[in-house]
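Summary of structural features
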Amino acid sequence: MTTIHATDALEEALGAGSVSTSDADRDGASHDTWPVSTVWQKLGRHPHRPDIVVRANSTAQVQDVMRIATASGTPVTARGLGSSVTGQPLPIKGGIVLDLSGLVGAPILSEVDATVTVAAGVMGGDLESWLNERGWTMNHFPQSLYRSTIGGWIATRATGQFSSRYGGIENLVVAYECVLADGTVARLGQRPRAAMGPDLKQLLIGSEGTLGIVTEVTVKVFRLPETRVVDAFTLPSVQAGVDVMREIAQAGLKPFLVRFYDVDEAAHVVAPGTAEGPVLFLGAEGLDGVTQAEFAAAAGIARRHGAESIGSDPVTAWMGRRFDFSTVERLLAEPGGYAETVEVANMWSRLPAMYEEMKRALQPYADEVLGHFSHIYEQGSSLYLILLGRAADDEEALARLEAIWSTAMEIVVAHDGEVSHHHGGGLARQAWVERSLGTGFPVLQRLKAAFDPDGILNPGKLGM
Ligand SMILES: Cc1cc2nc3c(=O)[nH]c(=O)nc-3n(C[C@H](O)[C@H](O)[C@H](O)COP(=O)(O)OP(=O)(O)OC[C@H]3O[C@@H](n4cnc5c(N)ncnc54)[C@H](O)[C@@H]3O)c2cc1C
């Protein structure tokens, strides 16, 4: 079957209104929110354009698309709301971009089981508002809450601002339905745990659309917290802050908010004159008595490392603007302006040295290199760098962005860290997947061959 025949078959199965080959739709589906892609767009380049854009509104329609794609050997790249910041939904081999943002419908809340089941195309912020009206929350707050889908979260192994207490999407998901490459529907999940066989639901989490299409998701929900206590502190050094976070995690404390900014980022986050050194945001929530005790214990650890309170205002202000991305967007809109975010992770023992080297090595490629640590675990933490710069023109901006990626990734590999903590591989990290996974990479290749023998699902991603 040729592309023309695939288009005809898709129109017949889904209706002509769901299938587009217009230049505008194809151009729109050839970009995401990756700054490199934004600069390509500014330069009028669309290097990864689909041939067909298809909008599916039901699991049955996704099945139709997959059957037609398999029969015709047409690549299919799933797309939620395109909030990827690494080029994940860019169809590097053309074919079909499958827009899933029409997979919506009324969520089903189970107050007894504390779960909600929802179609994969629902935008996160819509579901969170719906839950809040009923006294519940997902406790999953990626900064892109209002520009990403539930299915996208599964596909990218997303995590949120309160993950130090509630975990990433891999901890929050209970089950999901997916459509495999040949159109077969599978439901993967556990009730609430199972010992027979591997946990199959982990297979598609973080698979970036390369193993199947997620169509419906059941996630945990939580009662809105009774109490919340927050405060901000200055710390004498980055090492002191890292030690505080490690001790909090290893003491078994679960503050919902742990964000530690280095001195460069702190200057953007707190009002001028408020703090001279790095700044730690700390917050506990839940039942009142437990929350007070947990916050006191965490703050006690911080004080033992020299923390001094600067009051809760900086945290309250951040809570009000925590989904705002306008600094990056404004800079990217300027001629020659560029901005990038690189999130990685490492064990506590290797984190400070990796942080120091990344900060030092990336300075030549940006006017500012800001850093914070915001997702903590007993064994280590994420590190998030924000790079802001102005180049002579967009071509030079592109060259700097490429240098930022290769410099950052090489340092992380050298420090035996994780090349991505939550934004995933996409095109940004494609060259580092194999080295990063090491002897695990052939396992991923076998998984891909088993799930997608014809290689039609988002080809050219996750190192394959
Ligand atoms: C301002 C901003 C802040 C962000 N903050 C965070 C953050 O705090 N935490 C975080 O984890 N991420 C963050 N991101 C990244 C991004 O929002 C997440 O990766 C998000 O999960 C992507 O969802 P999406 O629906 O937009 O997916 P898309 O960007 O459309 O697609 C992403 C990938 O998932 C695949 N995919 C999408 N939907 C499906 C599906 N239903 N089935 C199978 N594959 C699918 C696509 O093929 C692609 O490979 C941020 C992005 C922006 C722009």
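Fair warning: this is a prediction, and the values are worked out from it, not measured in the lab. (Residues numbered from 1 in each chain as written. Predicted model: local features only at pLDDT ≥ 70, side-chain atom pairs only at ≥ 80, totals over all residues. Heavy atoms only, no water.)

Considerations on the sheet that holds strand E17 (residues 368-373)
Pairing within the open sheet is antiparallel, and its 7 strands lie in the order E15-E12-E14-E13-E17-E18-E16. Two strands close off the open sheet at either side, each with one partner strand: strand E15 (308-311) and strand E16 (337-347). Ignoring strand direction, the axes of neighbouring strands in this sheet form an average angle of 25°. Pairing of strand E12 (residues 227-234) with E15 involves 3 bridges; the strand directions are antiparallel. Paired with Phe233 across the bridge in E15 is Ser309. (Pairing = 2+ DSSP bridges. Helix = DSSP H or I, 4+ residues; strand = E, 2+ residues; numbered from the N terminus. Axes fitted to C-alpha atoms, helices over the stretch in contact; angles between N-to-C directions.)

Structural notes on helix H17 (residues 441-451)
Buried within H17 are the following residues: Phe441, Leu444, Lys448 and Phe451. Taken end-on, H17 shows its buried residues confined to a sector of 90°, consistent with a single buried face. In H17, the exposed positions that point more than 90 degrees away from the buried face belong to Val443, Arg446 and Ala450. Among the structural elements, helix H16 (433-437) are those in contact with the buried residues of H17. (Buried < 20%, exposed > 50% of the residue type's maximum accessible area, 1.4 Å probe, protein only. Arc of directions from axis to C-beta. Contact = heavy atoms within 4.5 Å.)

Here's the deal with the sheet that holds strand E8 (residues 173-179)
Overall, antiparallel pairing links the 5 strands, which are arranged E5-E6-E10-E8-E9 in an open sheet. The open sheet has two edge strands with one neighbour each: strand E5 (108-110) and strand E9 (185-189). Here the strands of the sheet are splayed against their neighbours by 15° on average, with no regard to which way each runs. Across 6 bridges, the pairing between E8 and strand E10 (residues 213-220) is antiparallel. Pairing of Cys178 across the sheet is with Val214, part of E10. Contacts from helix H4 (residues 59-72) reach E8, E9 and E10 within the one sheet, and its direction differs from that of E8 by about 50°.

Some remarks on the packing of aromatic side chains
All chains considered together, the criterion is met by 9 aromatic pairs. For the pair Phe162 and Phe256, a centre-to-centre distance of 4.7 Å together with 85° between the ring planes defines the contact as edge-to-face. In this pair, Phe162 is assigned in the loop between helix H6 (150-156) and helix H7 (163-166) and Phe256 in the loop between helix H9 (238-250) and strand E13 (257-261), connecting sequence segments 94 residues apart. For the pair Phe162 and Phe256, one class covers both residues: buried. An angle of 75° between the planes, with centres 5.2 Å apart, marks the rings of Tyr261 and Phe281 as edge-to-face. Note that Tyr261 is positioned in strand E13 and Phe281 in strand E14 (residues 279-286), a separation of 20 residues in sequence. What links up through ring pairs into an aromatic cluster is the set Phe141, Phe162 and Phe256. Across the ring face of Trp130, the terminal group of Arg134 is positioned such that the distance to the ring centre comes to 3.8 Å. Residue placement shows Arg322 over the ring face of Phe141; its charged tip is 4.8 Å from the ring centre. (Phe/Tyr/Trp six-rings, centres within 6.5 Å; stacked < 30°, edge-to-face > 60°. Lys NZ or Arg CZ within 6 Å of the ring centre and 35° of its normal.)

Overview of the site of the ligand
What surrounds the ligand is a group of 34 residues, the closest being Ala78, Gly80, Ser83, Ser144 and Thr149. In the model, an oxygen atom of the ligand is placed 3.0 Å from a nitrogen or oxygen of the Glu208 main chain. Relative to its unbound accessible area of 970 Å², the ligand is 98% covered by the protein chains. Of all the secondary structure elements, the ones that give two or more residues to the shell around the ligand are strand E3 (76-79), H6 and E10. Per-class residue counts for the shell around the ligand are 12 nonpolar, 19 polar and 3 charged. Taken together, domain 1 (3-99) and domain 2 (108-222) each give at least three residues to the shell around the ligand, which thus spans both. (Near = heavy atom within 4 Å. Polar contact = N/O pair within 3.5 Å; in protein donor to acceptor, adjacent residues only side chain to side chain. Areas by Shrake-Rupley, 256 points an atom, 1.4 Å probe, with all protein chains shown as cover. Nonpolar A, V, L, I, M, F, W, Y, C, P; charged D, E, K, R; others polar. Domains from an automatic or database assignment.)

Points about the domain arrangement of the protein
Interface extent is often summarised as the accessible area lost during association of the parts. Under the domain assignment used here, the protein contains domain 1 (3-99), domain 2 (108-222), domain 3 (227-321) and domain 4 (326-428). Taking the mean C-alpha position of each, domain 1 and domain 4 sit 29 Å from one another. Roughly 1400 Å² is buried in total at the junction of domain 1 and domain 4, and carbon and sulfur atoms are behind 67% of that figure. Area buried by domain 1 at its contact with domain 4 is led by Pro35, Lys42 and Thr86, which between them contribute 35% of it. Our enumeration of links across domain 1 and domain 4 arrives at 2 salt bridges. Here Arg45 makes a salt bridge to Glu395, at a shortest N to O gap of 2.3 Å. Counting every contact that joins domain 1 to domain 4 gives 8 residue pairs in polar contact (both at pLDDT 80 or more). Residues that form the side of domain 1 that touches domain 4 fall into these classes: 9 nonpolar, 5 polar and 2 charged. (Buried area = accessible area lost by both parts, 1.4 Å probe. Salt bridge = Lys/Arg side-chain N within 4 Å of Asp/Glu carboxyl O.)

Points about the pairing of strand E4 (residues 96-99)
Side-chain alternation along E4 places Ile96 and Leu98 on one buried face and Val97 and Asp99 on a second face that is also buried. With 4 bridges connecting them, strand E2 (residues 52-55) and E4 associate as parallel partners. From the neighbouring strand, Ile52 faces E4, where its bridge partner is Ile96. As paired elements, E3 and E4 share 4 bridges and run parallel to each other. Bridge pairing in E4 links Ala78 to Leu98.

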